[in-house]
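# Structural overview
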Amino acid sequence: QVQLVESGGGSVQAGGSLRLSCAASLYTYSPICMGWFRQAPGKEREGVAAIEADGRTTYIDSVKGRFTISQDNAKTTFYLQMNGLKPEDTAMYHCAADFCWRLAIRHDYRYWGQGTQVTVSS
């Protein structure tokens, strides 16, 4: 009953930019937290960025200074602004969401989008 839909992926050359969007149908009085994950062929999925209910953000070291996670005022759409893209950023990107209180305990997102492909050529 919860739906996450990603968009904004595509193919760009190294140094280019993309903005990924994640529209969420997760309506609740409890705050939700959201994260972006990616998985390259032959590699395990890794977390890229996350945003807390209070707006605080977390990034993996490899994307700090290049990627920015944000949300709209209604907190129903989340974004990942990707600047200075590198070939190693090539992956399928997924957004994920869950109640913040649950993630603080379980550390696993229950709701996932279908993914959007990002391809960066050198």
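First things first, this report covers the structure right here in the doc. Given the structure is predicted, the values throughout are model-derived calculations rather than measurements. (Residues numbered from 1 in each chain as written. Predicted model: local features only at pLDDT ≥ 70, side-chain atom pairs only at ≥ 80, totals over all residues. Heavy atoms only, no water.)

## Quick look at the overall build of the protein
When you go through the protein residue by residue, the secondary structure sums to 1 helix and 11 strands. Order of helices (α) and strands (β) in the protein, N terminus to C terminus: β-β-β-β-β-β-β-β-β-α-β-β. Computed over the C-alpha atoms, the radius of gyration of the protein is 14 Å, within 12% of the 14 Å expected from 2.2 N^0.38 for a compact globule of 122 residues. Projected onto the principal axes, the alpha-carbon positions of the protein cover approximately 45 × 30 × 25 Å. Here the protein holds 122 residues, and the buried ones make up 41% of them. Summing over all exposed atoms, the protein offers an accessible surface of approximately 6,800 Å²; the carbon and sulfur share of this is 48%. On the protein, the mean spot of the 12 positive side-chain charges and the mean spot of the 11 negative ones are 1 Å from each other. (Helix = DSSP H or I, 4+ residues; strand = E, 2+ residues; numbered from the N terminus. Rg over C-alpha atoms; globule rule 2.2 N^0.38 Å. Buried < 20%, exposed > 50% of the residue type's maximum accessible area, 1.4 Å probe, protein only. Areas by Shrake-Rupley, 256 points an atom, 1.4 Å probe, with all protein chains shown as cover. Lys, Arg positive; Asp, Glu negative; His and termini not counted. Charge placed at Lys NZ, Arg CZ, Asp CG, Glu CD.)

## Overview of the sheet that holds strand 8 (residues 77-82)
One open sheet accounts for 4 strands, arranged 1-3-8-7; its pairing is antiparallel. Among the strands making up the open sheet, the edge pair consists of strand 1 (4-7) and strand 7 (67-71). Adjacent strand axes in the sheet meet at a mean angle of 15° when their direction is disregarded. In this structure, strand 3 (residues 18-24) lies alongside strand 8, joined through 6 bridges in antiparallel fashion. Among the inter-strand pairings, C22 is bridged to a residue of strand 8, identified as F78. (Pairing = 2+ DSSP bridges. Axes fitted to C-alpha atoms, helices over the stretch in contact; angles between N-to-C directions.)

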